[in-house]
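# Structural description and commentary
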Amino acid sequence: MRRESPLTHSITNNVVPNFTANALLALGAAPAMVDIVGEAGLFAAVAGGMLINLGTPTPEQRGAIREAVAGATASGTPWVLDPVAIGSLPIRTELAHEVAQARPTAIRGNASEILALAGAGSGGRGVDSADSPDSAAPAALSLARRFGSVVAVSGPEDLITDGSVVVRVANGHELLTRVTGGGCALGAVIAAFLAVRGERSALEAVVAAHAVYGVAAEHAASRAEGPGSFAAHFLDALANVTPDEAAAAARIETAS
Amino acid sequence: MRRESPLTHSITNNVVPNFTANALLALGAAPAMVDIVGEAGLFAAVAGGMLINLGTPTPEQRGAIREAVAGATASGTPWVLDPVAIGSLPIRTELAHEVAQARPTAIRGNASEILALAGAGSGGRGVDSADSPDSAAPAALSLARRFGSVVAVSGPEDLITDGSVVVRVANGHELLTRVTGGGCALGAVIAAFLAVRGERSALEAVVAAHAVYGVAAEHAASRAEGPGSFAAHFLDALANVTPDEAAAAARIETAS
Amino acid sequence: MRRESPLTHSITNNVVPNFTANALLALGAAPAMVDIVGEAGLFAAVAGGMLINLGTPTPEQRGAIREAVAGATASGTPWVLDPVAIGSLPIRTELAHEVAQARPTAIRGNASEILALAGAGSGGRGVDSADSPDSAAPAALSLARRFGSVVAVSGPEDLITDGSVVVRVANGHELLTRVTGGGCALGAVIAAFLAVRGERSALEAVVAAHAVYGVAAEHAASRAEGPGSFAAHFLDALANVTPDEAAAAARIETAS
């Protein structure tokens, strides 16, 4: 990651671009956000990885997202779909179903969002999940097989599947849910890991992204006095954690 | 607040959504920002409280704001109007007068903004106030009576009125004015307090929001070395302050 | 700066407005961001200084930028153009060439952006520069003469010219490149320094902005443990650095 500094394109909601870009920079990636019609598709084609986050999809962003997905598809750029708060909100729900047809490399969401994208579930409460990750396991498997995507369900323990293998990552910290963009920035980090995955599978890259992110959160939480200091420590930890430290602290379980 | 975790909907300007969401999360509320036409009204109807902040009102946001105000009104969601920098800037000024007709539960602004909304005053200088809170007291009383709103005028000492009682809150710190969104995030915090007010009056909820916010600022300022470290300490303090500490440190004076 | 508190108007990309406003507030300036059609031009006319940053130019912002440049020109407000990531992205490239005709007081960019604006160069990689500041020196001189602007090329050592004198500022720190908006906020800081330059030349004001900004970065880096804590320390340092400290630590070389 630090050697390759992958150009990571994010089209994301208006609450989190700053935190998202800072998380990518801390990791050593090169963030860029090009979310206007006429440029988003061109940029998707040259980026190393891309995030599409549906948190605040203005009409301009909706056009840019369609362009960007087409550009990434045409040029083989790996990309991540984060279907924020779909289910009860109609515009983003329809858009999520539409762009999922383009077969994202990875899909990341909370349990309610994954259930909604799979056509099941009760609908979330904005960005909160009303469902547990385990309850979304069948939906995650189904989505993974339908779109050929790696599907990651965030929760106290993350559940990640490529449609056959199911991996659980137990790293992370509750304080990450007290900083806005904790989940959204993870989507961009996944895109950056996909960009530099080389010979590894997409599943391995998505799992590694979750583990590094979660380990950094644990480091930060051990020093934080609340969510404000946690956010600063977390960016420091993303910059300072070594591959060996992350590997040693990762809590990953695989079942198939 | 921490037990109920009220879903707090903010349509706000593009400078402060991150800080606003983090302030709400620190307090224990659940922030969401849904500012597009076709979703904003639906979301306003299910939210526990809502903020309408006119800081950077794009055409899309203006449509979303009208929808959201209608949705909140129809479903009884309490909401806060923050008429940022009205007076000399025509589009937001007209919009503020229009949505005020829907009778916001609370109106928060600096003295210049409150004077402008009441149809008086000299006009502010962007987000700065050219007037003192006391000079806006008659305008605040008049607005409160006209729209049935609690009106809060921010300043070194905040002035809050429901049209009959006038309350002054002397908590806070000058460093809060050196962090962008210090006032804007308070609007969202007021919305969260209104969402969980139960049997208390709207006036009490607005006063409590100001006091907790101001006490947290004082805690943070005692440890900060400047505005950057203050912002982190402030979020920590919002998360850590107990109701007893806030009550003990609150400096509230009531006159009628 | 702290005495005059110049009203500094920024139309900037959606990733950095928060950090930009906080940098201005830390310095003692009064930030405002009015980026909608119908208000941007009016505000440009009353502001003390203005930044136009092309990082995420939505259609609404493009209209607002044209208005704002016309307003600033008509009223003599000094303004800064930051042609973010021009070269390969067509919409912003065309817009940059268009607004440059209005003769910005200053132009700030990395080497790739300055080369692209001068009609030369290989094109950047998003916000990264593929070229060194020295390689852009002829382009900077040419732009400065063509538009009567002070042109600043950011890099490990900044190169600043008014078309005859070339100044190099060696302050700064690598961590500033690990915080998103490190360059974008500098554009706003330049606008604030131009607003209060009094009898000094625009070149002196732009150089002073770079030196103060770079010295603050050095102070912050000496205490930071990574990019997250650096950002907080940097805002503290902008607020706390004295003119004497900045003058003593500035590393400025002038050639003509």
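All of these numbers come straight from a predicted model, not from anything done at the bench. (Residues numbered from 1 in each chain as written. Chains lettered and ligands numbered in written order. Predicted model: local features only at pLDDT ≥ 70, side-chain atom pairs only at ≥ 80, totals over all residues. Heavy atoms only, no water.)

### Focus on the relation of the copies chain A and chain C
Turning chain A through 120 degrees and shifting it by 0.0 Å along the axis lays it on chain C, with an RMSD of 0.0 Å. Accordingly, the operation relating the two chain copies is best matched by a three-fold axis. In terms of C-alpha distance to the rotation axis, chain A has Asn14(A) as its closest residue, with the C-alpha 4.0 Å off the axis. (Least-squares fit on C-alpha atoms with pLDDT ≥ 70 in both.)

### Concerning helix H9 (residues 227-240) of chain A
Between the first and last C-alpha of H9(A) there are 19 Å, a value that for 14 residues agrees with the 20 Å anticipated at 1.5 Å per step. In terms of residue burial, H9(A) counts as a mostly covered element, since 13 of its 14 residues are buried. (Helix = DSSP H or I, 4+ residues; strand = E, 2+ residues; numbered from the N terminus. Expected span 1.5 Å × (residues − 1). Buried < 20%, exposed > 50% of the residue type's maximum accessible area, 1.4 Å probe, protein only.)

### Structural notes on the side chain of Asn13(C)
Residues and elements named next belong to chain C. Following the sequence through the fold, Asn13 ends up in the loop between strand E1 (7-11) and helix H1 (17-27). According to the relative accessible area criterion, Asn13 is buried, its value standing at 5%. A polar contact is formed between the side chain of Asn13 and the backbone nitrogen of Val15, at a distance of 3.0 Å. Separated by 3.1 Å, the side chains of Asn13 and Asn53 make a polar contact. Setting aside residues no more than four positions away along its own chain, Asn13 makes contact with Asn53, Gly55, Thr56 and Cys184. (Polar contact = N/O pair within 3.5 Å; in protein donor to acceptor, adjacent residues only side chain to side chain. Contact = heavy atoms within 4.5 Å.)

### Notes on the pattern of salt bridges
This model, assessed by the stated rule, comprises 24 salt bridges over all chains. Among the ionic pairs, Glu157(C) bridges to Arg168(C), the shortest N-O distance being 4.0 Å. Within this pair, whereas Glu157(C) is found in the loop between strand E6 (150-154) and strand E7 (158-161), its partner Arg168(C) is found in strand E8 (residues 166-169), the two being separated by eleven residues in sequence. Look at Arg168(C) and you get partly exposed, because its relative accessible area is 26%. For Arg251(C), the salt bridge is made with Glu218(C), and the minimal N-O distance between the two is 3.5 Å. On the criterion of sequence distance, the pair formed by Arg251(C) in the loop between helix H10 (243-249) and strand E9 (252-255) and Glu218(C) in helix H8 (residues 202-221) is long-range, its members being 33 residues apart. One salt-bridge network, in which partners are shared between bridges, spans Asp134(A), Glu157(A) and Arg168(A). (Salt bridge = Lys/Arg side-chain N within 4 Å of Asp/Glu carboxyl O.)

### Thoughts on the sheet that holds strand E8 (residues 166-169) of chain B
The strands making up a sheet associate through backbone hydrogen bonding, with each pair oriented either parallel or antiparallel. All names here are of chain B. The strand order across the open sheet built from nine strands is E2-E1-E3-E4-E5-E6-E7-E8-E9, with neighbouring strands paired in mixed fashion. Edge strands, defined here as strands with exactly one partner in the open sheet, are strand E2 (30-32) and strand E9 (252-255). Recorded for the sheet is a direction-independent mean angle of 20 degrees between the axes of neighbouring strands. With four bridges connecting them, strand E7 (residues 158-161) and E8 associate as antiparallel partners. Residue pairing in the sheet places Thr161 in a bridge with Val166 of E8. Its contacts with the sheet place helix H3 (residues 59-75) against strand E1 (7-11), strand E3 (49-53) and strand E4 (79-82), and it is angled at close to 150 degrees to E3. (Pairing = 2+ DSSP bridges. Axes fitted to C-alpha atoms, helices over the stretch in contact; angles between N-to-C directions.)

### Considerations on the interface of chain A and chain B
Chain A puts 27 residues into the contact, and the matching count from chain B is 28 residues. Our count for the chain A to chain B interface comes out at two salt bridges. A salt bridge links Glu225(A) to Arg223(B); the nearest nitrogen and oxygen atoms lie 2.8 Å apart. Summed over the shared surface of chain A and chain B, the number is twelve residue pairs in polar contact (both at pLDDT 80 or more). Of all the secondary-structure elements, those providing two or more residues to the side of chain A that touches chain B are helix H3 (59-75), helix H4 (90-100) and H9 of chain A.

### Quick notes on the pairing of strand E6 (residues 150-154) of chain B
Residue and element names in this part refer to chain B. In terms of burial, E6 is a largely internal element, five of the five residues being buried. Side chains Val150, Ala152 and Ser154 project from E6 onto one buried face, and the interleaved Val151 and Val153 project onto a second face that is buried too. The pairing of strand E5 (residues 106-110) with E6 spans five bridges and is classified as parallel. The residue bridging Arg108 from the neighbouring strand is Ala152, located in E6.

### Points about the sheet that holds strand E5 (residues 106-110) of chain C
Residues and elements named next belong to chain C. Pairing in this open sheet of nine strands is mixed, and the strands run E2-E1-E3-E4-E5-E6-E7-E8-E9 from one edge to the other. A single partner strand is all that each edge strand has here, and the edge strands are strand E2 (30-32) and E9. Taking the axes of each pair of neighbouring strands and ignoring which way they run, one obtains an average angle of 20 degrees across the sheet. Bridge count for E1 against E2 is three bridges, and the pairing is parallel. The partner of His9 across the bridge, within E2, is Ala32.

### Let's talk about the UniProt feature "binding site: ATP" (unreviewed entry) in chain A
Residue and element names in this part refer to chain A. Within this numbering scheme, the UniProt entry marks Arg108 and Ser154 as carrying the feature "binding site: ATP" (unreviewed entry). Spatial clustering of the annotated residues is evident: they stretch over 47 residues in sequence, but the largest pairwise C-alpha distance comes to 7.3 Å. Assignment of secondary structure puts Arg108 in strand E5 (residues 106-110). Dropping the residues within four chain positions of it, Arg108 is found in contact with Val80, Leu81, Asp82, Pro83, Ile114, Ala152, Ser154, Gly183, Cys184, Leu186, Gly187 and Ile190. Engagement of the side chain of Arg108 in a polar contact is seen with the side chain of Ser154, the distance being 2.5 Å. Note on placement: Ser154 falls in strand E6 (residues 150-154). With a relative accessible area of 17%, Ser154 lands in the buried category. (UniProt positions renumbered as here; feature names shortened; annotations may be inferred.)

### What about the packing of H3(B) against helix H4 (residues 90-100) of chain B?
Residues and elements named next belong to chain B. It is at 11 Å that the axes of H3 and H4 come closest, and there the two elements cross at 10 degrees. Taken as axis vectors, H3 and H4 run roughly parallel relative to one another. Along its contact with H3, which presents Arg62, Ile65, Arg66 and Val69, the element H4 presents Ile91, Leu95, Glu98 and Val99. Its residues assigned to classes, the contact of H3 with H4 shows five nonpolar, no polar and three charged. (Parallel < 35°, antiparallel > 145°, perpendicular 65-115°, else oblique. Nonpolar A, V, L, I, M, F, W, Y, C, P; charged D, E, K, R; others polar.)

### Points about the side chain of His9(A)
Tracing the sequence through the fold places His9(A) in strand E1 (residues 7-11). Contacts of His9(A), omitting those with residues within four sequence positions, involve Ala32(A), Met33(A), Val34(A), Ala40(A), Phe43(A), Ala44(A), Ala47(A), Gly49(A), Met50(A) and Leu51(A).

### A short note on unusual backbone geometry
Where the residue is not glycine, phi is negative for most of them; where a peptide bond is considered, it is trans in most cases. Even without a glycine there, the phi angle at Ala85(A) is positive, about 60 degrees. With respect to the element layout, Ala85(A) can be found in the loop between strand E4 (79-82) and H4.

### Details of the pairing of strand E3 (residues 49-53) of chain A
Residue and element names in this part refer to chain A. Along E3, five of the five residues are buried, which leaves the element largely enclosed by surrounding structure. Here E3 shows a buried face lined by Gly49, Leu51 and Asn53 and a second buried face lined by Met50 and Ile52. The pairing of E1 with E3 spans four bridges and is classified as parallel. Bridge pairing links His9 to Met50 in E3. When E3 meets E4, the two strands line up parallel, connected through four bridges. Its bridge partner lying in E4, Leu51 is registered against Val80. Read from E3 through H3 to E4, the crossover connection turns out right-handed. (Right-handed = clockwise from strand over helix to strand, strands pointing away.)

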